[in-house]
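Structure assessment
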Amino acid sequence: MDAAVRLRDVSVGYERKVIFSRLSLEIPAGQFAGIVGPTGSGKTTLLKTILGTQPVFSGDVRLLGLPVDKLPPGSIGYVPQLESVDWSFPVTVEQVILMGLYTNKGIWPWSTRQERNKVHDLADRLGIHDCLHHHIVNISGGQRQRAFLARALINNPKLLVLDEPTAGVDIKTQHDVLHLLGDLNQEGITILLTTHDLNAVASHLPWVICFNKGLVAQGKPRDIFTNGILTKTYGGDIVIVEHGDHFLIASGTPLHLAEKEK
Amino acid sequence: MMDFLLEPLAYEFFRNSLLASLMVGALCGLIGVYIVLRGMSYIGHGLSHAAFGGAVVGFTLGLNFYVGAGAMGLLAAVLINQVAKGGKIKSDAAIGIVTTAFFALGIAIISRVRTFTQSFEAALFGNILGVTSEDLTVIALVTAFTMVTVFLMYKPLLFSTFDNEAARVFGIKTGVVQLMFSFILTLAIIASMNIVGVTMIAATLVIPAITARMLTDSFSRMIIYSTLIGAVMGVVGMYLSYIFNAASGATIVLFGASLFCLVLLFNYIKERFILHEHIHRHGDVIHSHPHGPRHEQHDEADREESGQSRP
C-alpha cells in the first residue's frame, strides 16, 4: 500500500533562505498525525510543501503514491488556518461548503440539487445544518471550523490536511473537533494537522511529529513527549506531569518560582 | 419630466454616450466586485495610467488607440503579477512601480513631441462628445466578452477570490484564473477610458461594488446589485454631465459617491435605531433581529437554540 505522504530528500525555502533541507518523511495511509514545533519552525511550510503550494528546491513529494500535480481533483481535503479567512467576504456557510465541489465539471454558475443535497447531508452530520444559510461571520468558532471541515470532506478525500485546527477555539470546541477528526480517521481517512497545543495532541492523537527546521522525532505521544525530545524541539525547559494514563505538558519554571530562585 | 429626459436623446452624440456609459457602468460594476473582494482597489487606477502611456506610445507609432493602450495595459498586468509573485514585493508596490513608469513614458513623449494632432484630454477626464461608433463597438464587445467569461468562470473565480491557496489545493488552476482575470480587467479599463477617463476609473470600479456590499451578504446578489448600480451610475452621471456641461467621468463618479453616502447613511440608521434594539445573545453567538408576531421564524429558531419550548 502506498504511503499517504512521502517526502524524499526535500529541500524547501524562500528565495535564498532555506527553511529545511533533505527532509525525508513518510506517513502511512490511515494515520492520524499531528505536527508540533515552535513558531517559525517551518510547520506551515512543511504543510504547504505537502499540499503542493510551496515550490521545492529539490527532492520528491508524493501523496497517495502520486506527485501532487498528478492527483485527481478532490483527493486531498484542506482546512486552512481560520485566522487567514476573510470573514467579511459575502458568502454563507452553504456556499463555503459548495466551493469544495467547484472543481467538478460543469460550466453553470449555480449548483445542482444533487450537490446541495450532498452539502445538507454533510452539514447534518457535522451539526451545522441550522446555520447553512448564515453569513460566515455570524456563526461561532466551532461552527466555523466545522464549515471548513465540511468543505474539505465534501469530495470524500483520502487525505485530510488541517492547519492549526485547534487555534482560536475554546477547550470544549477543541475537544469536539479532535474527536470528530478521530471518528473520521476511524472511517479510513488519513489525517495530518499542525498545532501548538501539545496537550491536545497528547490526549487525542495517536501519532506525533516533532519538527523544527527538520524532523526531530516522530512516534506515539507517550514515547515522544519526553523532556529530551521536547527540549530539542522547542529549546528551554519543558515540564511533563504524568497522572495515570494522562500527562500534561507545561513550559519550564513558572515565573513566580523563577523569581524566588533568583 | 419626460421631456426633460427625452430632450437630450434627440442628439446622436448623447444617445451614443448614454449607451456607452450604460455598458461601461455595468462592466465596471461587475469587475469591481472581484477587485474589491481581492483587496486590489488601486489596480484600476494603475492599469488605466499604464494604458494611457500605451495609447500615447501607440499614437507616436501610428497605431490605433486601443492597440497601444491594450498592449501596454496587458504588459503592465503581466508585469505586476510577475513582480508581486515572489511575495517580497507586495502587489500595491508593484502597481505603483509598473503603472506609474508606463504613465510617465506617455507623459514624457507628450512633452517631448509637441505636435500631437490628437487630444488625450478625453482619455484623462472622460468626454461626453468623444464617443465614436468605434468606441461603442469596442465597449459592446468587451462587455459581452467579460460577462460571458465571468459567467463561465463564476465558480473558480469565486473560490480563488475567497481563498486562493485552498482553491489551488482543491484543484482549481489558480494561475490561469488570475491571468484570465487580469486580461478581462485590462480590457474593461481600456474600453472605459474614453468615457470615464483615466483619473476616474478607480472610483467607477470600486463605488458600485462597495455600495452593493453594504446592501447584501450574498456574493451572487452582490454581483447583480453592483452591475445594476454601475449601470445606473453611468446613465444618471451622463445626464448630469449633459445638464451641467461637466466632464462625464466626474459626474458619474460624483453621482456614485452620493449613492454610496446614501447607502452608508441608511445602514447607519438601520444599525443604530433598528438592529441595535434587537441585539441578544445565544451561547457565544450574538444575534440581532426583531422579535414579535411578524418574526415568528426567528423566534422559533431562538427557542430551538436555547432549548425552550414554544409558549
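A brief report on the enclosed structure follows. (Residues numbered from 1 in each chain as written. Chains lettered and ligands numbered in written order. Predicted model: local features only at pLDDT ≥ 70, side-chain atom pairs only at ≥ 80, totals over all residues. Heavy atoms only, no water.)

Re unusual backbone geometry
All names here are of chain A. Unusually for a residue other than glycine, E164 sits at a positive phi of about 50°. Take E164: it is sitting in the loop between β7 (159-163) and α5 (171-186). Even without being a glycine, K213 presents a positive backbone phi close to 60°. With respect to the helices and strands, the residue K213 is situated in the loop between β9 (207-211) and β10 (215-219). The class for K213 is partly exposed, based on a relative accessible area of 44%. (Helix = DSSP H or I, 4+ residues; strand = E, 2+ residues; numbered from the N terminus. Buried < 20%, exposed > 50% of the residue type's maximum accessible area, 1.4 Å probe, protein only.)

Overview of the side chain of Q95 of chain A
In this structure, Q95 of chain A sits in helix α2 (residues 93-99). Residues contacting Q95 of chain A, with those up to four places away along its chain left out, are P90 and Y102 of chain A together with F219 and S220 of chain B. (Contact = heavy atoms within 4.5 Å.)

Focus on the interface of chain B and chain A
At the interface, 26 residues of chain B touch 37 residues of chain A. Sorting the residues of chain B by area buried against chain A places K155, F162 and F170 of chain B first, and these three jointly supply 29% of that buried surface. Inspection of the region where chain B meets chain A yields two salt bridges. Between E165 of chain B and K48 of chain A there is a salt bridge, and its shortest N-O distance comes to 3.9 Å. Inspection of the region where chain B meets chain A yields seven residue pairs in polar contact (both at pLDDT 80 or more). Only α7 (133-152), α8 (154-162), α9 (164-169) and α12 (219-244) of chain B provide two or more residues apiece to the side of chain B that touches chain A. (Buried area = accessible area lost by both parts, 1.4 Å probe. Salt bridge = Lys/Arg side-chain N within 4 Å of Asp/Glu carboxyl O. Polar contact = N/O pair within 3.5 Å; in protein donor to acceptor, adjacent residues only side chain to side chain.)

Focus on the packing of helix α2 (residues 12-37) of chain B against helix α11 (residues 201-215) of chain B
All names here are of chain B. Their axes nearest at 7 Å, the elements α2 and α11 cross at an angle of 75°. Taken together, α2 and α11 sit at an angle that is classed as roughly perpendicular. Across from C28, G29, I31, G32, V33, I35 and V36 in α2, the residues of α11 making contact are T204, L205, V206, P208, A209 and I210. Class assignment of the residues belonging to the contact of α2 with α11 gives a composition of ten nonpolar, three polar and no charged. (Axes fitted to C-alpha atoms, helices over the stretch in contact; angles between N-to-C directions. Parallel < 35°, antiparallel > 145°, perpendicular 65-115°, else oblique. Nonpolar A, V, L, I, M, F, W, Y, C, P; charged D, E, K, R; others polar.)

Overview of the pattern of salt bridges
All names here are of chain A. For the structure on display, the rule yields eight salt bridges over all chains. The shortest N-O distance in the salt bridge between D9 and R22 comes to 3.6 Å. Separated by 13 residues along the polypeptide, D9 in strand β1 (residues 5-14) and R22 in strand β2 (residues 17-27) bring together distant segments of the chain. On the basis of relative accessible area, R22 is assigned to the exposed category, the value being 60%.

Let's talk about α8 of chain B
Side chains that are three or four residues apart share a direction in an α-helix, a result of its 3.6 residues per turn. In terms of burial, α8 of chain B is largely enclosed, as eight of its nine residues are buried. Among the residues of α8 of chain B, Y154, K155, L157, L158, F159, S160, T161 and F162 of chain B are the ones counted as buried.

Geometric values such as these leave the question of function open.
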